[in-house]
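# Descriptive analysis of the structure
In case you want the letters, here they are:
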Amino acid sequence: MNIWFEETHTDGYRVHWRIKETLWYEKTPFQELRVVDMVDFGRALILDDALQTTERDEFIYHEMITHVAMYAHPNPQRVLIIGGGDGGTLREVLKHPEVQHVDMVEIDKRVVEVCKEFLPTIASAFDDPRAHLFFEDGVEYVRKAADRYDVILVDSSDPTGPAVELFGAEFYRNCRAILNQDGIMVAHAESPNFFRDYFKKVWSNMKATFPIHNMYVTVVPTYISDFWSFAIGALSIDPRTGRGDKRQLDGLKYYTEEIHRAAFVLPPYVQRILEEE
Ligand code: SAM
């Protein structure tokens with residue numbers, strides 16, 4: 001069998017992964033949803049032909065979108081996740097014993113249902129009583145939310161389709177408005193090399209919205225071959241140092257206190273992009 005899944009990143013850059021088989025395909029009201037079994041990366045979730053997560057390397061993205069803010073905050077009890085339908089970010093958030101309540105707002109119910117069936121090691125925490133799921137647009141949710149949160153994690157798909165407004169300035173302002181006074185927000189900011197415009201847009205939103213704002217990076221093998229970046233905004237806490245007196249959680253495969261601090265060290269070419277007007 002010689003079946004390949006092709007992902008087009010830019011006009012000049014495509015990636016092919018060999019797959020064993022397609023396990024699920026459907027058109028939901030929001031997007032094309034596919035689960036494939038890859039030769040090298042295990043099962044993978046694909047939305048609108050964009051690879052979202054794979055069994056083999058999902059831990060890097062999910063630990064890094066989650067634990068930097070969760071360890072920077074001294075007592076993150078209430079957490080909001082926007083997107084995140086595969087469940088990996090929810091799984092990581094719920095590892096923190098001080099968490100009492102997580103609201104997760106995913107626009108597409110089918111992503112959660114299909115991930116529960118085909119990606120159970122990622123979608124493993126939906127039954128936790130602290131988890132509360134809302135199937136609606138995250139943009140609308142933060143516009144009208146009355147609740148307050150300690151940490152907001154924006155685990156969105158790339159800025160196309162229903163995710164476009166999650167990269168807009170108004171969304172950031174509305175997130176800030178529902179954070180507690182020591183609140184922290186994280187949003188993934190794509191690749192500085194290949195998606196410079198989106199990288200800069202997320203950065204300028206974070207900069208305009210939060211008095212404390214930083215960018216940190218990691219590398220995820222199945223994302224585009226570059227750093228994968230996260231913008232972090234805080235109202236009063238410097239998020240660049242990690243754990244304080246909190247203990248390292250058992251079983252993490254990527255995040256450590258040293259990785260936390262190192263992730264904020266940016267190469268000069270990335271730093272220069274952040275300084276551009
Ligand atoms: N880790 C992934 C990545 O960066 O490739 C993203 C993971 S997660 C699957 C992204 C989720 O965001 C999708 O399930 C999608 O349905 C959801 N989403 C997109 N736009 C949304 C919106 N406006 N409100 C809530 N969820 C949204």
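Our structure's up above, just so we're on the same page.
Figured I'd write up the structure that's included with this text. (Residues numbered from 1 in each chain as written. Predicted model: local features only at pLDDT ≥ 70, side-chain atom pairs only at ≥ 80, totals over all residues. Heavy atoms only, no water.)

## Section: the nonpolar core
Formed by 53 residues in total, the largest nonpolar core has its most connected members in Val 79, Leu 90 and Tyr 216. Considering each element in turn, this core owes the most residues, ten residues, to helix 1 (residues 58-72). Both of domain 1 (3-54) and domain 2 (58-276) provide at least three residues apiece to this core. With residues up to four places along the chain from it excluded, the contact list for Val 79 reads Met 70, Val 93, Val 99, His 101, Val 102, Asp 103, Tyr 149, Val 151 and Leu 153. Judged by nonpolar contacts, the second largest core, of 34 residues, contains Ile 82, Val 139, Leu 166 and Ile 178. (Core = buried A, V, L, I, M, F, W, Y, C linked by side-chain atoms within 4.5 Å. Buried < 20%, exposed > 50% of the residue type's maximum accessible area, 1.4 Å probe, protein only. Helix = DSSP H or I, 4+ residues; strand = E, 2+ residues; numbered from the N terminus. Domains from an automatic or database assignment. Contact = heavy atoms within 4.5 Å.)

## With respect to the packing of aromatic side chains
As enumerated under the stated definition, the model contains twelve aromatic pairs in all. Centre to centre, the rings of Phe 167 and Tyr 198 are 5.9 Å apart; their planes meet at 70°, and the pair counts as edge-to-face. Within this pair, whereas Phe 167 is found in the loop between strand 9 (149-155) and helix 5 (169-177), its partner Tyr 198 is found in helix 6 (residues 196-209), the two being separated by 31 residues in sequence. On the basis of relative accessibility, which here comes to 2%, the residue Phe 167 falls in the buried class. By relative accessible area, which is 32% here, Tyr 198 ends up partly exposed. With centroids separated by 5.2 Å and ring planes inclined at 45°, the aromatic side chains of Tyr 216 and Phe 264 adopt a geometry described as tilted. With Tyr 216 in strand 11 (residues 212-218) and Phe 264 in the loop between helix 7 (257-263) and helix 8 (268-275), this residue pair connects regions lying 48 residues apart in the sequence. No difference in accessibility class separates Tyr 216 from Phe 264, as the two residues are buried. Taking NZ or CZ as reference, Arg 243 lies 5.7 Å from the ring centre of Tyr 71, over its face. Above the ring of Phe 59, the side-chain terminus of Lys 253 is found at 4.6 Å from the ring centroid. (Phe/Tyr/Trp six-rings, centres within 6.5 Å; stacked < 30°, edge-to-face > 60°. Lys NZ or Arg CZ within 6 Å of the ring centre and 35° of its normal.)

## A short note on the pattern of salt bridges
Per the stated rule, a full pass over the model turns up 21 salt bridges. Where Arg 110 meets Glu 26, a salt bridge forms, and the shortest distance between an N and an O atom there is 2.7 Å. One end of the pair, Arg 110, is in helix 3 (residues 109-118); the other, Glu 26, is in strand 2 (residues 13-27), with 84 residues separating them in the sequence. Of the residues examined, Arg 110 reaches a relative accessible area of 26% and is grouped as partly exposed. Taking relative accessible area as the criterion, Glu 26 reaches 14% and is therefore assigned buried. (Salt bridge = Lys/Arg side-chain N within 4 Å of Asp/Glu carboxyl O.)

## Quick look at the layout of surface pockets
What the largest pocket holds in volume is close to 760 Å³. What lines the largest pocket is a set of 43 residues, and nearest its centre among them are Ala 50, Gln 52, Ser 156, Ser 157 and Asp 158. Of all the secondary structure elements, the ones that give two or more residues to the lining of the largest pocket are strand 1 (3-10), strand 4 (42-47), strand 5 (50-54), helix 1 and strand 6 (78-83). When residues of the lining of the largest pocket are assigned to their parent elements, the largest contribution, four residues, is made by strand 5. (1 Å grid on protein atoms, 1.4 Å probe; cavity = no way out; pocket = protein on both sides within 12 Å on 5 of 7 lines; lining within 4 Å. Points joined across faces, edges and corners; volume = space filled by probe spheres on them.)

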